[in-house]
Amino acid sequence: MNRALRAELLKLRRRGTLVAIAAVAAMGVLASVLAFALADDAARPLDGPGQGFAMTLARLAGPDGPSIGFAAGMTFVGLLVFVVFTANITSEYGQGTLRTLLLQQPRRVAWLAGKLAAMFMVMAVALLVALVLSVATAVVMAQLRGVDTSQWWTAAAASAAAASFLNALLATMFFALTATALGVLTRSTVLALSIGIAWMLPVEHIIQQAWEGATRTFPGLVFDAVARGGLPDASYGPALALATGYAGVAAALAAASLTRRDVTA
């Protein structure tokens, strides 16, 4: 596993990795800008199940104000992570490199674990950069919107930011494991992305409009609830437990498929 991890880290030392980190950071900054730009003076309900209430300026003045935008942007970051992990695993099949790699490391599960560990490390760095830039953006936006920031520099604010980072890391890991499972099962970038993106974007959200239970049932929505620290229709504890179950099943399927199926190219 350690050899696979080091080999994958070498592969990740390229411009595409920096681009991916920059994309995650940009999404964090954009989400922070939108959180402040669209905030209202008073709360108002949003339409549809699972939508909750619009952000208020009073809420942004709280201890979690600087990290609210970061947490809100994790839905889009999760989908980006899904795409990156899917493409990374299926490219090993498409380019014919997996067979060569497994000749060097015949313990397939160990190889997969090392590969994922390396990518998780890069993902954690990207999220940390996104959090720092999102908080910096929030400071600027607070001045523009006249939001009081006196509660932002307290232990409670630091704890809220740490919790947001941990939730984002967990949620993106769940997206990543789901992407890996689909990639290993389908061995096709186009097919895996078509299935995953089609389900987690239009299908889940269309059903969510008619059934509020979708928010605490379907994987993409449950992962989003974890990233946000819980939602009105999906409390954090049950969402985390279910998301962990989904990720565990995905990891088991990926390991079983990689171990039992022949690699012919």
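Quick notes on the rules
Residues numbered from 1 in each chain as written. Predicted model: local features only at pLDDT ≥ 70, side-chain atom pairs only at ≥ 80, totals over all residues. Heavy atoms only, no water. Helix = DSSP H or I, 4+ residues; strand = E, 2+ residues; numbered from the N terminus. Rg over C-alpha atoms; globule rule 2.2 N^0.38 Å. Buried < 20%, exposed > 50% of the residue type's maximum accessible area, 1.4 Å probe, protein only. Contact = heavy atoms within 4.5 Å. Areas by Shrake-Rupley, 256 points an atom, 1.4 Å probe, with all protein chains shown as cover. Patch = residues over 30% accessible without salt bridge, like charges linked within 9 Å, V, L, I, M, F, W, Y side chains within 5 Å. Salt bridge = Lys/Arg side-chain N within 4 Å of Asp/Glu carboxyl O. Expected span 1.5 Å × (residues − 1). Polar contact = N/O pair within 3.5 Å; in protein donor to acceptor, adjacent residues only side chain to side chain. Phe/Tyr/Trp six-rings, centres within 6.5 Å; stacked < 30°, edge-to-face > 60°. pLDDT = per-residue confidence, 0-100. Core = buried A, V, L, I, M, F, W, Y, C linked by side-chain atoms within 4.5 Å. Axes fitted to C-alpha atoms, helices over the stretch in contact; angles between N-to-C directions. Parallel < 35°, antiparallel > 145°, perpendicular 65-115°, else oblique. Left-handed = near helix turned anticlockwise from the far one by under 90°. Nonpolar A, V, L, I, M, F, W, Y, C, P; charged D, E, K, R; others polar.

Novice: Teacher, can you tell me more about the overall build of the protein chain here?
Specialist: In terms of helices and strands, the protein chain carries eleven helices and zero strands. Whereas a compact globule of 265 residues would reach a radius of gyration of roughly 18 Å, the protein chain reaches 20 Å, a difference of no more than 12%. The C-alpha extent of the protein chain, read off along each of the three principal axes, is 60 × 40 × 25 Å. A burial count over the protein chain gives 46% of its 265 residues as buried. Sequence separation of 24 or more characterises 74% of the internal contacts of the protein chain that already satisfy a separation of 6 or more. As displayed, the protein chain offers around 12,700 Å² of accessible surface, 68% of which is attributable to carbon and sulfur atoms.

Novice: How do you make sense of a nonpolar patch on the surface when you look at a structure like this?
Specialist: Taken together, L30, L34 and L38 make up a surface patch of nonpolar side chains, about 300 Å² in accessible area. Since its relative accessible area comes to 42%, L34 is described here as partly exposed.

Novice: Sorry if this is basic, but what is going on with the pattern of salt bridges here?
Specialist: Pairing between side chains of opposite charge can happen when the charged atoms of each approach one another. In total, this model carries three salt bridges according to the counting rule given. Notably, a salt bridge pairs K115 with E92, separated by 2.8 Å at the nearest N-O pair. Remark: E92 occurs in helix α5 (residues 74-94) and K115 occurs in helix α7 (residues 108-145); sequence separation between them is 23 residues. Across the pair, exposure class does not vary: K115 and E92 are buried alike. In this structure, the salt-bridge partner of D224 is R228, at a minimum N-O distance of 3.2 Å.

Novice: Hey, could you run me through α7 in this one?
Specialist: One turn of an α-helix holds 3.6 residues; hence residues three or four places apart share an orientation. Relative to the 56 Å expected for 38 residues at 1.5 Å per residue, α7 spans 53 Å between its end C-alpha atoms, a close match to the ideal helical length. Phi for G146, located one or two positions after α7, is positive at around 70°.

Novice: Would you mind going over the environment of S194 with me for this structure?
Specialist: Within the element layout of this structure, S194 appears in helix α9 (residues 189-210). Among the residues examined, S194 registers a relative accessible area of 41% and is labelled partly exposed. Looking at S194, its side chain comes within polar contact range of the main-chain oxygen of V190, at 2.6 Å.

Novice: Would you take a moment to explain the packing of aromatic side chains for this structure?
Specialist: Two aromatic rings, taken as a pair, are described by how far apart their centres are and by the angle between their planes. Enumeration according to the criterion identifies eight aromatic pairs in this entry. Between W211 and F218, the aromatic rings sit 5.9 Å apart at their centres with planes inclined by 75°, giving edge-to-face as the arrangement. For F218, a relative accessible area of 13% corresponds to the buried category. Through a chain of ring-to-ring contacts, the aromatic side chains of F174, F175, F223 and Y246 assemble into a single cluster.

Novice: It is not clear to me how the side chain of T180 should be interpreted in this structure. Could you clarify?
Specialist: Along the chain, the position of T180 falls in helix α8 (residues 155-186). Not counting the four nearest positions on each side in its chain, T180 is found in contact with F85, I89, L112, L116 and A254.

Novice: Honestly, the confidence of the model for the protein chain in this entry has me stumped. Any pointers?
Specialist: Low-pLDDT portions of the prediction should not be read for the details of their coordinates. Chain-level pLDDT for the protein chain is 88 on average; 94% of the residues reach the 70-or-more range. Low pLDDT (under 50) marks residues 45-50, which in the prediction has 16 contacts with non-local residues, meaning those over four places away or in another chain.

Novice: Would you take a moment to explain the nonpolar core for this structure?
Specialist: Burial of nonpolar side chains together is a common tendency in soluble globular proteins. Core analysis: the biggest nonpolar cluster contains 56 residues, and F85, W111 and L127 have the highest contact counts within it. Those residues within four positions of L127 in sequence are excluded, and the remaining contacts are V24, F70, M74, V77, F165, A168, L169 and T172.

Novice: Mind showing me how you'd approach unusual backbone geometry here?
Specialist: What is expected of a backbone is that most residues other than glycine have negative phi and most peptide bonds are trans. Positioned with a positive phi, R187 is a non-glycine residue whose angle comes to about 60°. Looking at the secondary structure, you find R187 in the loop between α8 and α9.

Novice: Explain the packing of helix α10 (residues 219-227) against helix α11 (residues 236-260) to me, please; I cannot follow it from the model alone.
Specialist: Helix-helix packing is characterised by the crossing angle of the two axes and by the distance between the axes. In the contact formed by α10 and α11, the axes pass within 9 Å of each other and the chain directions differ by 130°. Classed by the angle they form, the pair α10 and α11 counts as oblique. Note that α10 runs across α11; the crossing there is left-handed. Together, P219, V222, F223, A225 and V226 of α10 and Y236, A239, L240, L242, A243 and Y246 of α11 make up the contact between the two elements. Broken down by class, the residue content of the contact of α10 with α11 amounts to eleven nonpolar, no polar and no charged.

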